[in-house]
Amino acid sequence: MNGPYLWVRTLILGLVALSAGANRMSSHLPSEINVSRRLRQSGDPILPAGGFGEGERDSEEPLGEKEVLRRILEEKEELLSRIGTLERANRELTLANSVIDRAPSDGRIGNTRPADCADHFVMGANRSGIYEIYPFTCLCSEPLRVYCDMETDGGGWTVFMTRQPADVPLGFNRSWSEYRSGFGDASGEFWLGNAHLHTMTSSREYALRMDAHLASGDVKFSAWNFFRVSTEVDRFRLSLSAYSDESTSRSNCLPNVNGRFFTTYDRDYDETTGNCAVTQGGGFWHYLCSNPVHPTASRSEGLTSACFSNQQDAAVFLQLKIRPVICGTSVKTIFLNANDCNKCP
Ligand SMILES: [Ca+2]
């Protein structure tokens, strides 16, 4: 993805060169967007006779400054569109490679079951909605019904929690066993289940994303490049990487969850004398009840936070979702096809 970013950087450099009337940068720029070079060809660094678009203005009047800027903006829009296309193509290619990496070593083809929404995406699904996935090591297992976000940041996201407006809001003040198995419906508000999160994140390396639609109308997201849930014996302990710089939230909404155990009203594994799940509602990877936002809390207790934007803002829609880390070898190799149903436990 360095190419597109290099183009953007190059375009910015070109704009700087234009405003300064300087041509010395032109030798570093690719020909198709080399604004400075085109201006230099005209003999006038500010009002090019050569213009933008080959052969359009060979012998006409110099362009006005507004026209020059308009054309620059047009080229910028075109470049941004091409960057978006290239980024999506690159993401699809990388995800496709991850599937190829997971192919059986004996050369057998077919019978591959999607382990998550990223697999569905690679197999051609590009519409968000309900899908069945098989995040297990044994092909005999029943599928899970999940919501796949196939649009956000290239798609391929498996949603494991949704909070959204509902005529009858789903209660998230649930027991340990309910959070273990999951509750709600994937088409509305729901929690996928900690046991499923453990199965999924122990077979592949996943990134976490939180999307928030705010009462103010703003849309923000937070991202973390590593997310893994441990076993139930380990109290579903969470491993979460540092907050990603790509996030658009004002600050890290989950700064205190890495290494924490899951806590519900009937299992107190937080570090307070009380129980964060009792005082805030819901269940989560609590420490000192001090996270800026508590995604499973009652709305009045947990979904209003200044971590989203500059003002204390309430999330009216909140999703937590995971996707395989798509940087080559970090996706672990698993051979679903190689499993023998006769050996299922
Ligand atoms: Ca406690």
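Residues numbered from 1 in each chain as written. Predicted model: local features only at pLDDT ≥ 70, side-chain atom pairs only at ≥ 80, totals over all residues. Heavy atoms only, no water.

**Some thoughts on the packing of aromatic side chains**
For the structure shown, the criterion picks out 15 aromatic pairs. Aromatic side chains phenylalanine 227 and tryptophan 285 sit 6.2 Å apart centroid to centroid with 90 degrees between the ring planes, which places their arrangement in the edge-to-face category. One end of the pair, phenylalanine 227, is in strand S7 (residues 219-229); the other, tryptophan 285, is in strand S10 (residues 284-285), and 58 residues separate them in sequence. Here the two residues phenylalanine 227 and tryptophan 285 agree in accessibility, since each one is buried. Positioned over the ring face of phenylalanine 221 is arginine 209, at 3.9 Å from the centre of the ring. The cationic tip of arginine 235 hangs over the ring face of phenylalanine 261; the distance from NZ or CZ to the ring centre is 3.8 Å. (Phe/Tyr/Trp six-rings, centres within 6.5 Å; stacked < 30°, edge-to-face > 60°. Helix = DSSP H or I, 4+ residues; strand = E, 2+ residues; numbered from the N terminus. Buried < 20%, exposed > 50% of the residue type's maximum accessible area, 1.4 Å probe, protein only. Lys NZ or Arg CZ within 6 Å of the ring centre and 35° of its normal.)

**Focus: the pattern of salt bridges**
Under the definition given, this model contains 14 salt bridges. When the shortest N-O distance is used, the salt bridge between aspartate 149 and lysine 321 registers 2.8 Å. With aspartate 149 in strand S2 (residues 144-149) and lysine 321 in strand S12 (residues 313-324), this residue pair connects regions lying 172 residues apart in the sequence. Owing to a relative accessible area of 6%, aspartate 149 belongs among the buried residues under this scheme. Here aspartate 234 ties to arginine 237 by a salt bridge, and the two come within 2.6 Å at their closest N and O atoms. Linked through salt bridges whose partners overlap, the residues forming this network are Glu67, Arg70, Arg71 and Glu74. (Salt bridge = Lys/Arg side-chain N within 4 Å of Asp/Glu carboxyl O.)

**A closer look at the coordination of the calcium ion**
The calcium ion binds to the protein through Asp268 (OD), Asp268 (OD), Asp270 (OD), Thr272 (O) and Gly274 (O); the donor distances cover 2.2 to 2.5 Å. Read in sequence order, the donor residues coordinating the calcium ion give the pattern D-x1-D-x1-T-x1-G. For aspartate 268, a relative accessible area of 37% puts it in the partly exposed group. (Donors = N, O, S within 2.8 Å, 3.2 Å for Na, K, Ca; no water.)

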